[in-house]
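So the chains spell out like this:
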Amino acid sequence: QGQVVESGGGLVQPGGSLRISCVVSGISFSLYTVGWYRQAPGKQRELVAGLPNSGSPRYADSVKGRFTISRDNTKNTVTLQMNSLQPEDTADYYCNSQRTAYGRNYNYWGQGTQVTVSS
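Computed from a prediction, not measured in an experiment: that's the story for all the values here. (Residues numbered from 1 in each chain as written. Predicted model: local features only at pLDDT ≥ 70, side-chain atom pairs only at ≥ 80, totals over all residues. Heavy atoms only, no water.)

A. A look at the environment of Q3. By the element assignment, Q3 lies in strand 1 (residues 3-7). Taking the C-alpha atoms as reference points, Q3 and S28, 25 residues apart in sequence, are found 12 Å from one another. If near-sequence neighbours (up to four positions away) are discounted, Q3 is found in contact with V23, V24 and S25. (Helix = DSSP H or I, 4+ residues; strand = E, 2+ residues; numbered from the N terminus. Contact = heavy atoms within 4.5 Å.)

Written out as structure tokens, the structure reads:
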């Protein structure tokens, strides 16, 4: 059973940077698509950035040019580097690993890490 543990959230001023990461265990990590989602109070969870096991990353329009997703298959980690943060980036951020194989969908979520952008 897969487990996802995030770290690195916190409070940052507008225009600042923050890096959040997650460690994934219990799965064949390199076969999974990984992504970061976020959910602000009163809003639906949305995809921020996704990175397939092979291929290019994709980003929400609102974060293109500011956020960068990366993965390290040797350490089973996913990192989201966030630059030029704005108050509207404030949300709980969730790391996700998912894969469809053998007719089943495998989907693992972390517990979330809070990012607050405020002066």
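B. Examining the pairing of strand 4 (residues 33-39) more closely. Within strand 4, five of the seven residues are buried, which leaves it mostly tucked inside the rest of the structure. Where strand 4 lies against strand 9 (residues 91-101), seven bridges are found, and the strand directions are antiparallel. Within strand 9, the position partnered with Y37 by the bridge is Y94. Note: strand 4 against strand 5 (residues 46-51), five bridges, orientation antiparallel. Each residue of the ladder has a partner; that of R38, found in strand 5, is E46. Hairpin connection between strand 4 and strand 5: a loop of six residues separates the two successive antiparallel strands, and G42 in this loop has a positive phi of roughly 80°. (Buried < 20%, exposed > 50% of the residue type's maximum accessible area, 1.4 Å probe, protein only. Pairing = 2+ DSSP bridges.)

C. The sheet that holds strand 7 (residues 67-72), seen in detail. With antiparallel pairing, the four strands of this open sheet are ordered in space as 1-3-8-7. Lying at the two open borders of the sheet, with one neighbouring strand each, are strand 1 and strand 7. For this sheet, the mean inter-axis angle between neighbouring strands, taken without regard to orientation, is 15°. With five bridges joining them, strand 1 and strand 3 (residues 18-25) adopt antiparallel strand pairing. (Axes fitted to C-alpha atoms, helices over the stretch in contact; angles between N-to-C directions.)

D. How the structure looks around the environment of T79. Mapping T79 onto the fold places it in strand 8 (residues 77-82). With relative accessibility at 17%, the residue T79 sits in the buried group. Contact partners of T79, with chain neighbours within four places excluded, come to R19, I20, S21, W36, T68, I69 and S70. Polar contacts involving the side chain of T79 include one to the side chain of S21, which spans 3.3 Å. (Polar contact = N/O pair within 3.5 Å; in protein donor to acceptor, adjacent residues only side chain to side chain.)

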